[in-house]
Amino acid sequence: MDRPAAGSSYQRFPRVRIRELKDDYAKFELRDTDASIANALRRVMIAEVPTVAIDLVEIEVNSSVLNDEFIAHRLGLIPLTSAAAMQMRFSRDCDACDGDGSCEYCSVEFNLSARATDSDQTLEVTSNDLRSADPKVCPVDQARAYQLALSGNDYDPNAERGILIVKLRRGQELRLRAIARKGIGKDHAKWSPAATVTFMYEPDILINEELMDTLTFDEKRSWVESSPTK
Amino acid sequence: MLDVCLLVLLLSVFCNDRFNCDYSCLLSLLNCLDGVVVVLMSVNHLCRVSYERDTKIVNAASFTIEREDHTIGNIVRMQLHRDPNVLFAGYKLPHPLQYKIIVRIHTTSQSSPTQAYTQAVNDLDKELEYLKQAFEVEKNRYEERAKQGF
């Protein structure tokens, strides 16, 4: 059998066409490559793109109805703005500190202090009560509210209520220090930047126009109706 | 705690001198201790890929890639399939708790597993670099079009 000499390149030149692009949604076509590349992209987007999330919580006072680790877990799941993640270090690779939050290269400190004063109203502690030491890293809804306030249009403070962490009754208190770190979705899903990433083959539909001309208008209409993705 | 970490560090440096070492026994011995895995992983990046020739078949070999999974395994396998000198290419994830893959390659006598593997990885590298640029160009084009109100 005739084979080409070893050492020749089999590189492909994939083509991309964006169909939709929004702040939190993208849809694009990928051509001239195969499903393994699309699947690798999908897997990397889900599990290997670094983001920032709360990873260490030191609780000073917690007299709420939820226990400490329950609150720590909830704090971890709050999405934080992660544009700075690529410039941050993983705390395990950071030689400037031992990952206790004293280092600006690998961690961002958050503080939360809330106490329900003596009224009958329950106090809702939300992600808006988190105070970040670094303005680049904050809960995403805080960042969005800030952007809306800057642009000046349709800013409704009641609409941006934040993510509920715990409700406090009269006299109850929550005070804590949290360290956000860089991480990847492979370690914990809280670091996954994507909600869902999927790909599919798209059929290339060729219509037999000759045969189509033989159909009546109603038949054509029902042919269109039969499309599952119309 | 600290001296256990040091011990593991020394052990893993020692293991790195001899390729194809298996950390699983070490890990199972010590995984109860916090931070040990992290130490192992950061030291281990000295050898990401190791190579072992098949003793029975000529032009056949296995490559062990540490700290990679299906993401890399499948694209490398598919890229190797594009090379007509590659007679067989496959990968396996030996165990879900062992964070490594094994890529097995069998080539014709015109090529060699090392050559095929290097070529495949270089081609993939160039393809993904090209894809990255193509995506950025397309993103700018899309945003330009959106600005013009299409």
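Residues numbered from 1 in each chain as written. Chains lettered and ligands numbered in written order. Predicted model: local features only at pLDDT ≥ 70, side-chain atom pairs only at ≥ 80, totals over all residues. Heavy atoms only, no water.

Overview of the overall build of chain A
Note the following rule: The helix and strand labels rest on DSSP assignments: H or I over at least four residues marks a helix, E over at least two residues marks a strand, and numbering proceeds from the N terminus. Radius of gyration: C-alpha atoms only; globule rule: 2.2 Å multiplied by the number of residues to the exponent 0.38. Between buried and exposed lies partly exposed: a residue is buried under 20% and exposed over 50% of the maximum accessible area for its type, with that area taken using a 1.4 Å probe on protein chains only. Whether two residues touch is decided by their heavy atoms; if any such pair falls within 4.5 Å, the residues are in contact. Shrake-Rupley sampling with a 1.4 Å probe provides the accessible areas, and residues are treated as covered by the protein chains on show and by no other component. Working convention for charge: Lys and Arg count positive, Asp and Glu count negative, and His plus the chain ends are omitted. Note on charges: their place is set at NZ of Lys, CZ of Arg, CG of Asp or CD of Glu.
If you tally the helices and strands in chain A, you get 5 helices and 8 strands. Along chain A, from the amino end to the carboxyl end, the secondary structure elements read β-β-α-β-α-β-β-β-α-β-β-α-α. Scaling as 2.2 N^0.38, a compact globule of 230 residues should have a C-alpha radius of gyration of about 17 Å, whereas chain A reaches 26 Å, well beyond that. Oriented by its inertia axes, the alpha-carbon framework of chain A measures out at about 80 × 60 × 35 Å. Per-residue burial over chain A gives 32% buried out of 230 residues. Put simply, 68% of the contacts in chain A that link residues at least 6 apart link residues at least 24 apart. Accessible surface, chain A: about 15,000 Å² in total, of which carbon and sulfur atoms supply 50%. The averaged location of the 38 negative side-chain charges in chain A is 1 Å from the averaged location of its 30 positive side-chain charges.

Brief notes about unusual backbone geometry
You will see that A:Asp32, though not glycine, has its phi angle at about 60°, which is positive. Position of A:Asp32 relative to the elements: it lies in the loop between β2 (25–31) and α1 (35–47). A positive phi angle, near 55°, is found at B:Asn59, a position not held by glycine. Looking at B:Asn59, the relative accessible area reads 24%, which means it is partly exposed.

Considerations on the interface of chain A and chain B
Selection criterion: A simple way to read buried area is as the amount of 1.4 Å-probe accessible surface that goes missing from two parts once joined, with both sides added. Any Lys or Arg side-chain nitrogen located within 4 Å of an Asp or Glu carboxyl oxygen qualifies as a salt bridge. Pairing of N or O atoms within 3.5 Å defines a polar contact, subject to two protein rules: one partner must be a possible hydrogen donor and the other a possible acceptor, and residues neighboring in sequence count only if both atoms are side-chain atoms.
Facing the 32 residues of chain A at the interface are 34 residues of chain B. Carbon and sulfur atoms supply 60% of the area buried between chain A and chain B, which totals about 3,000 Å² over both sides. Inspection of the chain A/chain B interface yields 3 salt bridges. Taking the shortest distance from any N to any O, the salt bridge between B:Asp69 and A:Lys186 comes out at 3.5 Å. In this structure, the connection of chain A to chain B is made through 14 residue pairs in polar contact (both at pLDDT 80 or more).

So, the domain arrangement of chain A
Residue and element names in this part refer to chain A. Cut-off, in case you're wondering: Residue ranges for the domains trace back to a domain assignment, done automatically or taken from a database.
Structurally, chain A comprises domain 1 (11–49 + 190–200) and domain 2 (50–183). Inter-centroid distance (C-alpha atoms) of domain 1 to domain 2 is 30 Å. Tallying the contact residues gives 6 residues for domain 1 and 11 residues for domain 2. Of the roughly 600 Å² buried where domain 1 meets domain 2, counting both sides, 62% is carbon and sulfur surface. Ranking the residues of domain 1 by area buried against domain 2 places Val-49, Lys-190 and Trp-191 at the top, with a combined share of 93%. In this structure, the connection of domain 1 to domain 2 is made through 1 salt bridge. Residue Asp-55 is joined to Lys-190 by a salt bridge in which the shortest nitrogen-to-oxygen separation is 3.2 Å. At the boundary of domain 1 with domain 2, the tally comes to 4 residue pairs in polar contact (both at pLDDT 80 or more).

Digging into the UniProt feature "domain: DNA-directed RNA polymerase RBP11-like dimerisation" (unreviewed entry) in chain B
So the rule is basically this: UniProt positions are given in the numbering used here, feature names are shortened, and annotations may be inferred rather than shown by experiment.
Under the UniProt annotation, the feature "domain: DNA-directed RNA polymerase RBP11-like dimerisation" (unreviewed entry) is placed at residues 61–133 of chain B. For residues 61–133 of chain B, the end-to-end C-alpha separation is 34 Å, with 45% helix and 29% strand making up the annotated structure.

A short note on the packing of aromatic side chains
As a reminder, the rule being used: Here the aromatic set is Phe, Tyr and Trp, taking the six-membered ring for Trp, and pairing holds for ring centres within 6.5 Å; pairs whose planes are under 30 degrees apart are stacked, those over 60 apart are edge-to-face, and all others are tilted.
Summed over the entire model, instances satisfying the criterion amount to 4 aromatic pairs over all chains. When the centroid spacing of 4.9 Å and the interplanar angle of 80° are considered together, the rings of A:Phe13 and B:Tyr130 count as edge-to-face. Within this pair, whereas A:Phe13 is found in the segment before β1 (15–22), its partner B:Tyr130 is found in helix α5 (residues 113–147), the two belonging to separate chains. Note on A:Phe13: relative accessible area 46%, which makes it partly exposed. Look at B:Tyr51 and B:Phe63: their rings are 5.2 Å apart centre to centre, the planes differ by 45°, and that puts the pair in the tilted class. Here B:Tyr51, found in strand β1 (residues 49–53), pairs with B:Phe63, found in strand β2 (residues 60–66); they are 12 residues apart in sequence, far enough to count as distant. A relative accessible area of 36% places B:Tyr51 in the partly exposed class.

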